[in-house]
Amino acid sequence: MGDTLNLLGCLMTGDQLPSQSYTATYFMVVDMAMIFQYVYYTLRSREALGLITADMRDPDNDVCYVRLDGGGDDAVRGGGGGEGARR
């Protein structure tokens with residue numbers, strides 16, 4: 001909000017130094033880039049989380065999952081509960 005008002009003030013008064021207008025424009029561009037990155041990576045992490053949880057629910061999945069919480073050093077295999085389901 002502050003950068004937006006800074007740029008508007010520079011443009012509306014018209015008698016600001018060019019460096020002030022350039023700096024205000026630069027800060028607006030950086031703000032837009034940060035907002036874009038936040039939205040992009042938020043959506044990307046949700047998509048990745050959805051893929052991970054879908055893989056864990058898939059009974060035909062043959063991916064090996066390793067516990068990261070220190071609750072044992074065994075790997076749990078995704079998929080059906082047949083022979084070799086636990087290592």
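Parameters at a glance
Residues numbered from 1 in each chain as written. Predicted model: local features only at pLDDT ≥ 70, side-chain atom pairs only at ≥ 80, totals over all residues. Heavy atoms only, no water. Helix = DSSP H or I, 4+ residues; strand = E, 2+ residues; numbered from the N terminus. Buried < 20%, exposed > 50% of the residue type's maximum accessible area, 1.4 Å probe, protein only. Contact = heavy atoms within 4.5 Å. Areas by Shrake-Rupley, 256 points an atom, 1.4 Å probe, with all protein chains shown as cover. Phe/Tyr/Trp six-rings, centres within 6.5 Å; stacked < 30°, edge-to-face > 60°. Expected span 1.5 Å × (residues − 1). Patch = residues over 30% accessible without salt bridge, like charges linked within 9 Å, V, L, I, M, F, W, Y side chains within 5 Å. Salt bridge = Lys/Arg side-chain N within 4 Å of Asp/Glu carboxyl O.

A. Layout of the overall build of the protein. What the protein contains, in helices and strands, is two helices and two strands. Tracing the protein from N to C terminus, the helices and strands come up as α-α-β-β. Counting over 87 residues, the protein shows a buried share of 10%. Partitioning the contacts of the protein with sequence separation of at least 6, the portion at a separation of at least 24 is 10%. When the accessible surface of the protein is summed, it comes to about 7,300 Å², and 62% of that surface belongs to carbon and sulfur atoms.

B. Quick look at the packing of aromatic side chains. Following the criterion strictly, the structure yields three aromatic pairs and no others. Between Tyr 26 and Phe 27, the ring centres sit 5.7 Å apart and the planes meet at 55°, which makes this aromatic pair tilted. Centroid distance Phe 36 to Tyr 40: 6.0 Å. Interplanar angle 20°. Geometry classified as stacked. Of this pair, Phe 36 and Tyr 40 are both found in helix H2 (residues 18-57), four residues apart, which corresponds to roughly one turn of the helix.

C. Here's a closer look at the environment of Asp 3. Counting through the fold element by element, Asp 3 comes out in helix H1 (residues 2-13). For Asp 3, a relative accessible area of 26% translates into the label partly exposed. Taking the C-alpha atoms as reference points, Asp 3 and Thr 23, separated by 20 residues in sequence, lie 9.8 Å from one another. What Asp 3 contacts, discounting residues up to four positions off in sequence, is Phe 27, Met 28 and Asp 31.

D. Examining H1 more closely. The end-to-end C-alpha separation of H1 is 16 Å, in line with the 16 Å expected for 12 residues at 1.5 Å each. Phi for Gly 14, located one or two positions after H1, is positive at around 80°.

E. The arrangement of the side chain of Ser 21 in detail. When you line up the elements, Ser 21 lands in helix H2. When residues no more than four places from it in sequence are discounted, the contact partners of Ser 21 are Leu 7, Cys 10 and Gln 16.

F. Main features of a nonpolar patch on the surface. On the surface, Met 32, Ile 35, Tyr 38, Val 39 and Leu 43 cluster together to form a nonpolar patch covering roughly 550 Å² of accessible area. With respect to the secondary-structure elements, Val 39 resides in helix H2.

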